[in-house]
Amino acid sequence: MALIEVTQTVAQIEGVTRNALFKRLLRETGLGATGVATTGSTSTINDTNRLLSSQFSASDWVGGWARISKDAGGAAATPEGEIGPITTYDPTTNGRITFSPIMTVAVAVGDEYELWRFPSPNIVKDFLDQCLQNDIYLPCWSILSELPDFDMEANNTTDWTANNATVTKITGTEPAIDGKRWLSVLATAANGYARTTTFKVEPGKRYHVSAITKPTAVATTCELQVYDVTNSASIDSKTSIHQIPVRIDFEITAPTTCYQMQLRMITREDTKTTLWDEAVIYAVDSADISLPSWVKNKNQVKGIFELSMNQLTDSIYDIALTGKPINKYDIVDNAFGRGQLKLVNLNGSGISNPLFIFGIRNEVAFANDNTDSKRVDENLLFSCLAYKIFTHLKQLPNSGNTNATWIRAQANEYEKQYLGHAKAQSEQLEEIIQTVQKSGYYVDQRFRY
């Protein structure tokens, strides 16, 4: 089933930034406020629109924290993300907040800021990361591969080396290829490429090789090459000029004198760009294969499938993860203690076709305030964060019965909200899981986290 690729004109993809989430948190909980600076310095924020009033008290924000949440220029430049403890507040002189220690760069006109009464925004950032990394699970489909960063989901290009090319990660644009990120290879000379790290192979062994690819413009050729590092020669390569995402798929036999190889994603034409995802390589006769790094325990893997691909042309296949569920694999640790998990064939036979899994995974921590958008249920993430904050505040020494009563009431209310949203998400995941288990064949729904 060949993909028809279009850009949606209606809001179908949900995403939330840390800036947007903190604005909602401060607005709905009463823990603080947000605004836009009208002027400022390294030690002050002035806001004549939000903070200037004779009805406000000079003691309102003293003892809290000021945090810059967005650089007015939109380039995430400092002081975005910087925090200063508030020492004075003058509601009658420019609505001035003074803080110390000072920020590294002066607050500029149009910078967005947050004022926190309690707790410290640093603590809240830690709680938010905990929600994403430990408490919220998202459905995920993933083909299996022995390459590092094979799914391109790392927020960097550390595992990819450029040659006559500019190599970057593309995040969150539509239409997506697969997952949240994919690799872009802009050739700065003909046949520019991104390559994997060098990996060791056994001479004479067969290896499966594949990757999803598409060009960004016509008259552009995507080439997937297996390179013999030992003998400095190409072993084999396949190309595609399809304008939709396709999977280049083939097998090679390591030459008798080959001990090291690389996988290269090549853009044939100078100044052209190709996109890449799900780079796969494994030994065909291997009885085990590594699971993705996001699988921390075997309960996250809800289904294991043998890929059945629809061929479009020679060595070119549809990208859909379609296949039969199989139960001949066990999940074991690679090392003593906590290591990367792997699938092991129970009868010891080799992998005949590519494998993919359906599972549930956590998100990663926010990288910044405004450009890193998490595709999670905002209500679930918000209630999880608010519940953690008020549970934390409830445990601290309190000087007044009124404050303690309010904090306990807030903790109870957000606990109910969080459990309700978590239950709804759990039911959604269970519905997907049951569909996977009962279906003779399974086609992914292309959930994108």
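What comes next concerns the included structure. A quick note: this is a predicted structure, and the numbers were derived from the prediction, not measured. Going along each chain's sequence as written, the residues are numbered from 1 onward. In keeping with the predicted nature of the model, local features appear solely for residues at pLDDT of at least 70, side-chain atom pairs appear and are counted solely at 80 or more, and the whole-chain, interface and lining totals rest on all residues. Hydrogen atoms and water are omitted, and side-chain values are computed over all heavy atoms in the structure.

## So, the sheet that holds strand S25 (residues 329-333)
Alright, step 1. For two strands to count as paired, DSSP must find a minimum of two bridges between them. Put simply, DSSP H or I for four residues or longer makes a helix, DSSP E for two residues or longer makes a strand, and each gets a number counted from the N terminus. Here 3 strands make up an open sheet; going across it, the order is S20-S26-S25 and the pairing antiparallel. The open sheet terminates on both sides in strands that have one partner only, identified here as strand S20 (288-290) and S25. For this sheet, the mean angle separating the axes of adjacent strands, direction not counted, is 30°.
Alright, step 2. The sheet contact formed by S20 and strand S26 (residues 341-345) spans 3 bridges and is antiparallel. Bridge assignment links isoleucine 289 to a residue of S26, and that residue is leucine 343. Helix axes are fitted only over the stretch in contact, all axes being lines through C-alpha atoms; the angle between N-to-C directions runs from 0 to 180 degrees.

## Side note on the packing of helix H2 (residues 121-135) against helix H3 (residues 378-394)
Alright, step 1. Orientation of H2 relative to H3, taken along the N-to-C sense of each, is 130°, at an axis distance of 9 Å. The pairing of H2 with H3 is recorded here as oblique in orientation. Relative to H3, the crossing made by H2 is right-handed. Contacts from Ile123, Val124, Phe127, Leu128, Gln130, Cys131, Leu132 and Asp135 of H2 reach H3 at Leu381, Cys384, Leu385, Lys388, Ile389 and His392.
Alright, step 2. When residues are sorted by character, Ala, Val, Leu, Ile, Met, Phe, Trp, Tyr, Cys and Pro go into the nonpolar class, Asp, Glu, Lys and Arg into the charged class, and all the rest, Gly among them, into the polar class. For the contact of H2 with H3, the class distribution of residues is 10 nonpolar, 2 polar and 2 charged. For this classification, under 35 degrees means roughly parallel, over 145 means roughly antiparallel, 65 to 115 means roughly perpendicular, and everything else is oblique. Should the near helix be turned anticlockwise from the far one by less than a right angle, the crossing is termed left-handed; should it be turned clockwise, right-handed. Contacts are residue-level and defined by heavy atoms, with any inter-residue pair within 4.5 Å sufficient.

## Focus: H3
Alright, step 1. How far a helix is expected to stretch is found by multiplying one less than its residue total by 1.5 Å. Counted at 1.5 Å a residue, the expected span for H3 with its 17 residues is 24 Å, and the 24 Å between its end C-alpha atoms agrees.
Alright, step 2. Here a polar contact is taken to be a pair of N or O atoms separated by no more than 3.5 Å, where protein atoms must pair a possible hydrogen donor with a possible acceptor and residues adjacent in sequence count only if both atoms sit in side chains. Capping the start of H3, aspartate 377 holds a side-chain oxygen 2.9 Å from the backbone nitrogen of asparagine 379, two or three residues further along.

## Things to note about unusual backbone geometry
Alright, step 1. A cis amide bond, omega 15°, links threonine 78 with the succeeding residue proline 79.
Alright, step 2. As for its placement among the helices and strands, proline 79 is situated in the loop between strand S4 (65-70) and strand S5 (83-90).
Alright, step 3. Cis rather than trans, the peptide bond between phenylalanine 118 and proline 119 has omega equal to -10°.
Alright, step 4. Its location among the elements puts proline 119 in the loop between strand S7 (112-116) and H2.
Alright, step 5. Although it is not a glycine, asparagine 164 adopts a positive phi angle of roughly 50°.
Alright, step 6. Residues other than glycine seldom take positive phi values, yet serine 315 does so here, at roughly 65°.
Alright, step 7. The class for serine 315 is buried, based on a relative accessible area of 8%. Each residue gets one of three labels from its accessible area relative to the maximum for its type: buried under 20%, exposed over 50%, partly exposed in between, using a 1.4 Å probe on protein chains only.

That is the geometry; function is a separate question.
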